[in-house]
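Below, each chain spelled out in residue letters.
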Protein chains: 2
Amino acid sequence: MRQFVFEDITSEEVARRTGVYTPLTDSVRDLIDATIRTEVDPDTIRAAGELIEQATALLRAQQSDGPHGVRYTADGTGMPWGNPAIGIRNAIAPPMVVTRDGDRRVADVVLGAAYEGPPGLVHGGICALLLDHILGEAASAMTGTLTLRYVRATPLGAVHLEAEVVASEGRKRTVRGSLSDAEGITVTAEGIFIVPQKKGPR
Amino acid sequence: MRQFVFEDITSEEVARRTGVYTPLTDSVRDLIDATIRTEVDPDTIRAAGELIEQATALLRAQQSDGPHGVRYTADGTGMPWGNPAIGIRNAIAPPMVVTRDGDRRVADVVLGAAYEGPPGLVHGGICALLLDHILGEAASAMTGTLTLRYVRATPLGAVHLEAEVVASEGRKRTVRGSLSDAEGITVTAEGIFIVPQKKGPR
C-alpha cells in the first residue's frame with residue numbers, strides 16, 4: 001500500500017503545479033461530457049480517439065508507477081489531487097471544493113451529464129460519493145458506517161453540500177450532512193467515522 | 001426533466017453503436033489515468049491539452065443538447081450508456097458490468113488510480129457508488145435509504161460486488177449486498193429501494 005508522501009515544496013510551487021494541472025484536467029472533464037453527448041459519425045469518432053491516444057502517449061512519457069497517493073508539503077498543505085471527489089488531477093471529480101463555514105464544511109457543485117443516473121437526475125451513488133467525502137473531511141477520518149436517506153430525487157445542475165461533526169468519543173466521530181438543490185434537501189447522511197490510529201487526513 | 005427515450009433500432013444497430021463508442025470511452029478512461037499519473041513537463045502537458053481540445057471539438061460538432069438519458073429499444077433493451085457506474089459512454093464508469101447469478105446480481109470490477117481515496121485504497125464514496133448501483137439494479141428501483149458498513153479498507157485492484165432482494169412489500173424492496181476483495185468482504189450494504197409509480201428500470 002502506498003503511504004502518505006511528504007514533498008518538500010513551497011506554497012509557490014504548489015500554486016505553480018495547480019496552474020499547470022487544472023487546465024489539463026478541466027479539458028479532460030470537457031472531453032468526458034463530449035464523449036457522452038456526441039452524435040458524430042464513426043469516422044469522426046475514430047479520429048477523435050486517435051487524438052486522445054496521442055495525448056495519452058505524451059502524458060505517459062514520464063509518469064508515476066502507481067496511483068497518485070496523498071502528498072503533503074512541509075507546512076501540512078495536503079495535495080489529494082488524485083481523489084475522485086475533490087482531486088484537481090482527477091477528471092472524475094467535479095471537482096468538489098470544500099470550504100469551512102464555522103464548524104461546518106460546505107461545498108457547491110454543478111453536476112452535468114457525466115453524473116446522470118435516471119434521466120435528468122443525479123445518480124444516487126454520486127450523491128453518496130460526494131456526501132461520504134464531505135462527511136469524512138468534516139471528521140478528518142475514514143468511514144465506519146454511512147446511512148443515506150434519499151428524500152427526493154436530485155435534478156442535475158447546482159447542488160449544495162454540508163457536513164458537521166455532531167458527537168465525538170475516542171476515535172469515533174458522528175457526522176451529519178445533507179445534499180440539497182435550490183428547493184431544499186434531497187439527501188441526508190449520517191455516519192460514524194473512525195480516526196486512523198496513525199493519523200493522516202484523508 | 002428528460003424522460004426515458006424509445007429508439008426504434010435493431011439489436012444489430014445496438015451492437016454496432018456499442019462497437020463504435022466502447023473504444024472511444026476506453027481511450028478517455030486511459031487518458032484520465034494518465035492525467036493523474038503524468039510527470040511530464042508543463043510544455044508537454046500543454047501540448048496534450050491542445051490535442052484533447054481538438055478531440056472534444058470534433059465530438060461536439062454534432063451532439064445532444066442535454067444529458068444522455070436512458071434509452072430503450074423495441075425489445076426493451078436498455079441503453080443506460082451515460083451512467084457513471086455502468087455507462088459504456090461514460091468514462092467515469094469503470095464500467096461495472098452487472099450480470100445475473102440466480103436471484104443475485106454480481107459484478108467484477110478492477111479499480112485503478114482514478115478511484116483512490118486514502119493512499120492505495122478505494123475511496124469509500126466509490127464503494128458507495130458501485131453498491132448503490134448494483135443494489136438498485138437488483139431492485140429495479142430507486143434508492144430510498146442506503147446503509148453502508150465499512151468492515152475494513154478496500155485496496156485498489158480487483159473487487160467483486162453482489163446484491164439480492166431479500167424482502168418485497170408493495171413498491172418497497174429490501175436489498176442486501178457487499179463489496180469484497182480476494183480476502184473477503186470489505187463493505188456491506190443494505191437499502192430500501194422504491195419502485196417508481198410509472199415504472200422504468202433505472
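For the structure, see preceding data.
Residues numbered from 1 in each chain as written. Chains lettered and ligands numbered in written order. Predicted model: local features only at pLDDT ≥ 70, side-chain atom pairs only at ≥ 80, totals over all residues. Heavy atoms only, no water.

**Comments concerning the side chain of A:Arg29**
All names here are of chain A.
In step 1: By the element assignment, Arg29 lies in helix H1 (residues 11–37).
In step 2: Judged by its relative accessible area of 14%, Arg29 is buried.
In step 3: A polar atom in the side chain of Arg29 sits 2.7 Å from the side chain of Asp26.
In step 4: Polar contacts involving the side chain of Arg29 include one to the main-chain carbonyl oxygen of Asn90, which spans 3.1 Å.
In step 5: Those residues in contact with Arg29, other than ones at most four positions away along the chain, are Gly87, Ile88, Asn90, Ala91, Ala93, Pro94 and Pro95. (Helix = DSSP H or I, 4+ residues; strand = E, 2+ residues; numbered from the N terminus. Buried < 20%, exposed > 50% of the residue type's maximum accessible area, 1.4 Å probe, protein only. Polar contact = N/O pair within 3.5 Å; in protein donor to acceptor, adjacent residues only side chain to side chain. Contact = heavy atoms within 4.5 Å.)

**Overview of the packing of helix H2 (residues 42–60) of chain A against helix H1 (residues 11–37) of chain B**
In step 1: Close contact between H2(A) and H1(B) brings their axes to 9 Å; oriented N to C, the two are set at 20°. Of the possible angle classes, the one that applies to H2(A) and H1(B) is roughly parallel. H2(A) and H1(B) meet at a crossing whose hand is left-handed. The residues of H1(B) that touch H2(A), namely those facing A:Pro42, A:Ile45, A:Gly49, A:Ile52, A:Glu53, A:Ala55, A:Thr56, A:Leu59 and A:Arg60, are B:Arg16, B:Val20, B:Tyr21, B:Leu24, B:Ser27, B:Val28, B:Asp30, B:Leu31, B:Asp33, B:Ala34, B:Thr35 and B:Arg37.
In step 2: Class assignment of the residues belonging to the contact of H2(A) with H1(B) gives a composition of eleven nonpolar, four polar and six charged. (Axes fitted to C-alpha atoms, helices over the stretch in contact; angles between N-to-C directions. Parallel < 35°, antiparallel > 145°, perpendicular 65-115°, else oblique. Left-handed = near helix turned anticlockwise from the far one by under 90°. Nonpolar A, V, L, I, M, F, W, Y, C, P; charged D, E, K, R; others polar.)

**Focus: the pattern of salt bridges**
All names here are of chain A.
In step 1: A full pass over the atoms with the stated rule returns 28 salt bridges over all chains.
In step 2: Across the pair Arg71 and Glu7 runs a salt bridge whose closest N-O atoms are separated by 3.2 Å. Placement of Arg71 in strand S2 (residues 71–72) and of Glu7 in the loop between strand S1 (5–6) and H1 is noted, with a sequence separation of 64 residues between them.
In step 3: Asp26 is paired through a salt bridge with Arg29; the nearest N and O atoms lie 2.7 Å apart. You can see Asp26 and its partner Arg29 sitting in helix H1, three residues apart, about one turn around the helix.
In step 4: One network of salt bridges, with partners in common, ties together Glu7, Glu13, Arg16, Arg17 and Arg71. (Salt bridge = Lys/Arg side-chain N within 4 Å of Asp/Glu carboxyl O.)

Geometric descriptors of this kind do not, in isolation, establish any biological role.
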